[in-house]
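What the coordinates show
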Amino acid sequence: MMPLERWLIELLLNIVTRDELNAFLRSPQNSAALVGGLIAVSGALLGAFLLLRGLSLTSDAISHTVLLGIVIAFLLMTEVFRLPGDTSSPWLILGASLAGVATVLLTEMLYRSGLVRQDAALGLAFPLLFAIAVILVSRYVEDAHLDEDAVLVGEIGLAWANTNSHCFSNCESVTISPDHDAAKFARRCSNCRELGISPRDERARFTEICSNCREYTPAQAWSAGLLEREPALVFFPKSITVMLVLTLLTLVFVLAFYKELKLSTFDAGLAQALGLRPGALHYVLMILVSLVAVGAFDAVGSILVIAFFIIPPAAAYLLTDRLSLMLLLSPFIGAAGAIFGYDLARGQLFGLIAIADGIAALNRLFDLALPEKWDSSISASMVLMMFILFLLTWLLSPRYGLLSTVIRRAKRRRVFENQVVLAHIHNHQHTATHEIELNVAGLHEHFRWSKQKMSRVLTRLRALGYVRILAGNAVLTERGDRQVHAFRKTMLEAHNMPDLSG
Amino acid sequence: MVARLTLSAADKRVWSIIGGIVLLGALFIPLSQLLFDMRFTYTVRVVALGGAVLGLLSGVLGSFAVLRQESLLGDALSHAALPGVAIAFLLAGRELSWLLIGAGIASWLGLRFLSAILHTTRLKQHTAMGIVLVAWFAAGIALLTYIQSIPDASQAGLDHFIFGQAAAIIESDVTLVSAVGIFVLLTVALLWKEFKLVAFDPEFAGANGYRIGLINALLSTLIVVAVVLGLQLAGVILMAGMLIAPGIAARQWTQSLDQMVILAAVFGAFAGAVGAVVSALDSDIPTGPMIIVVSFLLVLFSITLAPGRGLLWSRLRQRANRRRFAAINTLRDLYRYALSHGAEDYPAPDDFIRGVRASSIESGLRQLRAAGHIMEAGAGWRLTESGIAQARRDRRNQSLWDLYRLHGDELSLPAIQEDRQLDIAAVLPAAALELLESKLKPNESL
Amino acid sequence: MPDQADRSDPQESPPIALSVDDLTVAYQEKPAIWDIDLDVPEGVLMGIVGPNGAGKSTLIKAALNLIPRAAGTVMFYGAPYEQARSLVGYVPQRGSVDWDFPTTVLDVVTMGLYGKLGWFRRPGKRERELALHALEQVGLVDFLDRQISQLSGGQQQRTFLARALVQDAQIYFMDEPFAAVDAVTENAIVYILQALNKRGKTVLVVHHDLQTVAHYFDWLTLLNVEVIAAGPTAAVFTAENLRRTYGGRVTNLNGGLLAGAAGG
């Protein structure tokens, strides 16, 4: 990871100064928005395919199972290999995501046994693995990066603080050995525990131990005050690197296999027949979902992450019919949700509405005493913001939105009512019973419509010049007759039928 | 008319399992005090009782969720309850009944929103459930984070609703839950017939004048009630598992809905009580996860060992079948070869018989030889007398089955399940068999 | 114009069991059936025949109030469905239920009586006897305790039939009872339907197989979104009507089919 970060920073230093870069990265908001945005981009790209394959809840499944992977890998790292506990270590990410994929395979086996339905297998296996993970966390893990709160919401607000430092000039590493000027010593009783005596006992023997002897990186040396000249440092948040790598990986995968993914999503059988190996693609997709879920765990926890997979593609799906557009739109929706979500956590909705005002109004209305300062979980707010964007899309999408659907349906219903009446008149106007069937006063009874509805439709038909009233009976005009035939033709063509009326 | 007064063997088995677990549950506390000298405090007993009541309720209603193929819906509903809990706390304070009402309303709104998405967009059910699940949950988390910033609110114990904390259950909670629970169970008992019909065949129910919409809505509401009541114990994230696991386990043991629901209730009560007690004794273990682990062990146990459906038995059955088929097929091959060469004891060369049926031949030959049906003859195999008799019986049985299929209707023989592996004489009444035998051609009869 | 072969002098005809008037049903404002008029006299065994997507099942479901109607009325012996419910028996498509549901054959048949029982009441001894009687008629008495997933397709269909028989209705609706059953079962089912018919019941069957139409049914409705023709099979089952129902696709079948029609 380090060389990659260094290369990236050098690239960035061509554009901005070091101080500007540090200032940018040290702002909690910028780091959080950047990490959230990257999760959103990679999640949305993969989620679009999950959605189209009817596997949206599989991301839920995977995010639950990778928690168990993370916990086991974490326990292995800390307890067996005695490494420092770091949930953004590449090894942990790799191991945990393998666990996620393995568990997906296991549940597929469970419902293939035929005893449990697929939804029941999903609904059963994932809570179980999650439950085991939670028990392990609460029983055996004592680490701030992996407690129950972190499992739920992550620590995206602290992404800026967990950094790797890179030094570019005046780089002095300092090693303090016992003979160094700055070495500090402490006296410690060397045989107290052994003999079970107190240090004041006369048998106590003492040794001098150097308390600050170790190697110092330039950054550590500077903050410990060991250096004269300030080194040129850049502090780069680890989460950004991890998510950047994963996003690039996802992007490369989707671009390189776009054609194959498209075909195997649409028609796996054909893809198989053409030799595109849809099965292998499926598992690569699952591995990437697992990787992103593990990589995002630090930032957003293991439950909220599914929003990054599900919501943005769902919103994009309501906007367009084309896969390429969907893949283009959903990362934007996700990233917008992440960026505006940070403001929401700090109490601002799109910078237009302040939540504090809302709470104040509530206090007045219900006579409560709630604190007006709104300072909430960043990751949850990002999810909520994505949900708000989804709601807006749902309401306003020109093609599939609620408003346009309501308008379109009303229009279609009007056309449909017209056609029902026209067909009825057409079918009966030359039969013996036409006096009964077509009498305007009784017409509504044949359709079981209300009188008002009938007269509304009749008025409309007369205004359109399709129908005349002749001696109290409804009769088609020539135009109306043509209309019936034209509609019948289109309707029956829809059923792949020859025209019957001719 | 066959009046069924005695219980079938399968029924007896299910009822004895139910009785056994109930007895074990009832005697759990006295027994463990007597045998292991464990002392349960009053608090632990209350917690155990609460866990049992909640487990029972979710077992009963979860069975219906499983049968309606709505296992994942429970997951969405329970996650969706969280913001309700938080808002109820903000408005009304820490009164359990208010918190539960809030949870119920939020969860119900989630359900409405879900069906609104499904009706007005082209999003599929999985996606829609995912959206409701995570959006409502995020709202809940955001509100809980806000609540933590309120002075004195941190002792409210709202985060117990996330993973469940049995130790927080007090006597008045158990009273409340039991009262609601009795009401729920009474409703299920009264509308048993309606729920069953609507779960099995809603279309037929509709044609029979039942108001399917109303009954479905009622059933969904009861499931929401069970989910909401269970939140304290299992928490929003894992409640779905506690809801469906007992039903899935119970389904393996029985073929009747009555027994399934009762068994699910017993399983649920068992898992709820054990999970609650373990977590009350060790405060490091949250209750919800513990209940899930116990429930899943029950499911695992049922899936492997339930008589009939269990994986273990079906594996064994498959193996036995494979063996039986190997023997009978080898016998038929040998007999056919012999007949085509003019004599029933004409030996078939070894490499021919291996060529016909490569995979199962070893097992077939071994079994036939052990039964004395064949013997080695040079580089081949010859049918012994008992082997010939066996082959003739088999051939005759197959011919009778053929005749049954051919003439069963015109002879108006009783309808039986066609299973050619069975001896037809064992499944067909003697009179009917005689009729069939009269149709046998002379050279096929003995 | 649809042939209305049954619109003769009302005094000579038997009473009208089912009367459909101007019925239109739409899915998403797209018509599935379109301004249908249909009168079915009492005591006929009627086939409803037409190509896929012609609205055959839709017609039955709309008649039984299972799906909303866009327009029109349906009367059973002159009364709307809500009042005539006890006169109507229904056999849904076999695929419409979960055959892994934990219940037995006898139990499923007893469900046919739930409608008569009404809210809250439970089936008792009398209902059990009735169900057993119905099972006898379809030859499944030996299977009464069998779990329904262990039945063959034909046995499942006969279970459904028994459930309808136990309703003791005057007019029966059957949605594709011959779908995916073997020839023996099909014969057994036809036999039961004809026995019902002999007892004066009216039976409506959604059917697929043109080869057997003339053999099975004495009354026929040809449907393709609209009613193409309805009336006695001998009058309706003509090459012209078939062409108008199916388009040109069945003309090559006509010779054999119509010879069968004339003979039957």
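Residues numbered from 1 in each chain as written. Chains lettered and ligands numbered in written order. Predicted model: local features only at pLDDT ≥ 70, side-chain atom pairs only at ≥ 80, totals over all residues. Heavy atoms only, no water.

This brings us to the overall build of chain B. On a plain count of helices and strands, chain B comes out with 19 helices and 3 strands. Computed over C-alpha atoms, the radius of gyration of chain B comes to 31 Å, more than 25% over the 22 Å expected from 2.2 N^0.38 for 446 residues, which places it beyond the range of a compact globule. Projected onto its principal axes, the C-alpha coordinates of chain B cover approximately 100 × 60 × 45 Å. Residue burial in chain B is summarised as follows: out of 446 residues, 53% are buried. If you take every contact in chain B between residues at least 6 apart in sequence, the share linking residues at least 24 apart comes to 67%. A total accessible area of about 19,500 Å² is found for chain B, and carbon and sulfur atoms account for 63% of it. One finds the centroid of the 36 positive side-chain charges in chain B at a distance of 4 Å from the centroid of its 33 negative side-chain charges. (Helix = DSSP H or I, 4+ residues; strand = E, 2+ residues; numbered from the N terminus. Rg over C-alpha atoms; globule rule 2.2 N^0.38 Å. Buried < 20%, exposed > 50% of the residue type's maximum accessible area, 1.4 Å probe, protein only. Contact = heavy atoms within 4.5 Å. Areas by Shrake-Rupley, 256 points an atom, 1.4 Å probe, with all protein chains shown as cover. Lys, Arg positive; Asp, Glu negative; His and termini not counted. Charge placed at Lys NZ, Arg CZ, Asp CG, Glu CD.)

What follows deals with the overall build of chain A. Each helix and strand counted, chain A has 22 helices and 10 strands in total. Expected size for 502 residues packed as a compact globule is a radius of gyration near 23 Å; at 34 Å, chain A overshoots this value by more than 25%. Across the 502 residues of chain A, 50% fall into the buried class. Long-range pairs, those at least 24 residues apart, make up 70% of the contacts in chain A with a sequence separation of at least 6. Each charge sign in chain A was given a centre, from 43 positive and 42 negative side chains, and these centres are 12 Å apart.

What follows deals with the pairing of strand β2 (residues 16-27) of chain C. Residues and elements named next belong to chain C. One ladder, built from 8 bridges, connects β2 with strand β3 (residues 30-41); its direction is antiparallel. Its bridge partner being in β3, Val 25 is matched across the sheet by Ile 33. Where β2 lies against strand β5 (residues 71-76), 5 bridges are found, and the strand directions are antiparallel. Bridge pairing in β5 places Asp 21 opposite Thr 73. (Pairing = 2+ DSSP bridges.)

Attention now moves to the interface of chain B and chain A. Listed as interface residues are 57 residues of chain B and, on the opposing side, 58 residues of chain A. A combined buried area of about 5,100 Å² lies between chain B and chain A, and 77% of that area is made up of carbon and sulfur atoms. Along the contact surface separating chain B from chain A lie 1 salt bridge. We note a salt bridge from Arg122(B) to Asp321(A), for which the minimum N-O separation is 2.9 Å. The tally of links between chain B and chain A comes to 7 residue pairs in polar contact (both at pLDDT 80 or more). Here the side of chain B that touches chain A is composed, by residue class, of 38 nonpolar, 12 polar and 7 charged. (Buried area = accessible area lost by both parts, 1.4 Å probe. Salt bridge = Lys/Arg side-chain N within 4 Å of Asp/Glu carboxyl O. Polar contact = N/O pair within 3.5 Å; in protein donor to acceptor, adjacent residues only side chain to side chain. Nonpolar A, V, L, I, M, F, W, Y, C, P; charged D, E, K, R; others polar.)

What follows is about the packing of aromatic side chains. Applying the stated criterion across every chain, the model contains 21 aromatic pairs over all chains. Summarising the aromatic geometry, the rings of Phe64(B) and Trp192(B) are spaced 6.0 Å apart at their centres and angled 75 degrees between planes, so their arrangement reads as edge-to-face. Within this pair, whereas Phe64(B) is found in helix α2 (residues 42-67), its partner Trp192(B) is found in helix α9 (residues 192-200), the two being separated by 128 residues in sequence. Take Phe64(B): its relative accessible area is 1%, and that puts it in the buried class. Seen in terms of ring centroids, Phe178(C) and Tyr216(C) are 5.5 Å apart; in terms of plane orientation they differ by 50 degrees. Their pairing is tilted. Of this pair, Phe178(C) sits in the loop between β7 (171-174) and α7 (183-198) while Tyr216(C) sits in helix α8 (residues 210-216); the two residues are 38 residues apart in sequence, bridging distant segments of the chain. This pair shows no difference in class: Phe178(C) is buried, exactly as Tyr216(C) is. Taken together, the ring pairs connect Phe387(A), Phe390(A), Trp394(A), Phe113(B) and Trp136(B) into an aromatic cluster. Across the ring face of Phe235(A), the terminal group of Arg26(A) is positioned such that the distance to the ring centre comes to 4.7 Å. Between the NZ or CZ atom of Lys453(A) and the centre of the ring of Trp449(A), over which it lies, the distance is 4.4 Å. (Phe/Tyr/Trp six-rings, centres within 6.5 Å; stacked < 30°, edge-to-face > 60°. Lys NZ or Arg CZ within 6 Å of the ring centre and 35° of its normal.)

The next point concerns the interface of chain C and chain B. Taken residue by residue, the interface counts 45 residues in chain C and 36 residues in chain B. When the buried surface of chain C facing chain B is broken down by residue, Phe101(C), Pro102(C) and Trp119(C) rank first, second and third, together holding 19% of it. Taken together, the links from chain C to chain B amount to 4 salt bridges. Among the ionic pairs, Glu203(B) bridges to Lys61(C), the shortest N-O distance being 3.6 Å. Linking chain C with chain B are 10 residue pairs in polar contact (both at pLDDT 80 or more). Going through the elements one at a time, α3 (105-111), α4 (114-117), α5 (125-138) and α6 (153-165) of chain C are the ones with two or more residues in the side of chain C that touches chain B. A class-by-class count of the residues in the side of chain C that touches chain B yields 20 nonpolar, 10 polar and 15 charged.

All names here are of chain A. A grouping of Phe 340, Phe 350, Leu 352, Ile 353, Leu 392, Leu 395, Leu 396 and Leu 403 is seen on the molecular surface, where their side chains present a nonpolar patch of about 750 Å² in accessible area. The greatest single-element share of the nonpolar patch, amounting to 3 residues, is contributed by helix α17 (residues 378-396). Note on placement: Leu 392 falls in helix α17. Leu 392 sits in the partly exposed class, given a relative accessible area of 38%. (Patch = residues over 30% accessible without salt bridge, like charges linked within 9 Å, V, L, I, M, F, W, Y side chains within 5 Å.)

This part takes up the domain arrangement of chain A. Domain annotation of chain A identifies domain 1 (2-156 + 237-310), domain 2 (167-235) and domain 3 (403-494). Between the C-alpha centres of domain 1 of chain A and domain 3 of chain A there is a distance of 58 Å. (Domains from an automatic or database assignment.)

Now for the packing of helix α3 (residues 71-80) of chain B against helix α5 (residues 96-120) of chain B. Residue and element names in this part refer to chain B. Contact pair α3 / α5: the axes reach a minimum separation of 7 Å and the direction vectors enclose 130 degrees. Taken together, the axes of α3 and α5 lie oblique to each other. Regarding α3 and α5, the two cross each other, and that crossing is right-handed. The residues of α5 that touch α3, namely those facing Leu 73, Leu 77 and Ala 80, are Ala 106, Ser 107, Leu 111 and Leu 114. Considered class by class, the residues forming the contact of α3 with α5 number 6 nonpolar, 1 polar and no charged. (Axes fitted to C-alpha atoms, helices over the stretch in contact; angles between N-to-C directions. Parallel < 35°, antiparallel > 145°, perpendicular 65-115°, else oblique. Left-handed = near helix turned anticlockwise from the far one by under 90°.)

Let us look at helix α8 (residues 171-190) of chain B. Residue and element names in this part refer to chain B. With 20 residues, α8 extends 29 Å from end C-alpha to end C-alpha; this agrees with the ideal 28 Å at 1.5 Å per step. Turning to α8, its buried residues number three or more, namely Asp 173, Val 174, Val 177, Gly 181, Val 184, Thr 187 and Val 188. Angular distribution of buried residues about the axis of α8 spans 150 degrees; they occupy a single face of the element. The outward face of α8, more than 90 degrees from its buried face, is lined by the exposed residues Ile 182, Phe 183 and Leu 186. Contacts from the buried residues of α8 go to α2, α5, α9 and α11 (212-251). (Expected span 1.5 Å × (residues − 1). Arc of directions from axis to C-beta.)

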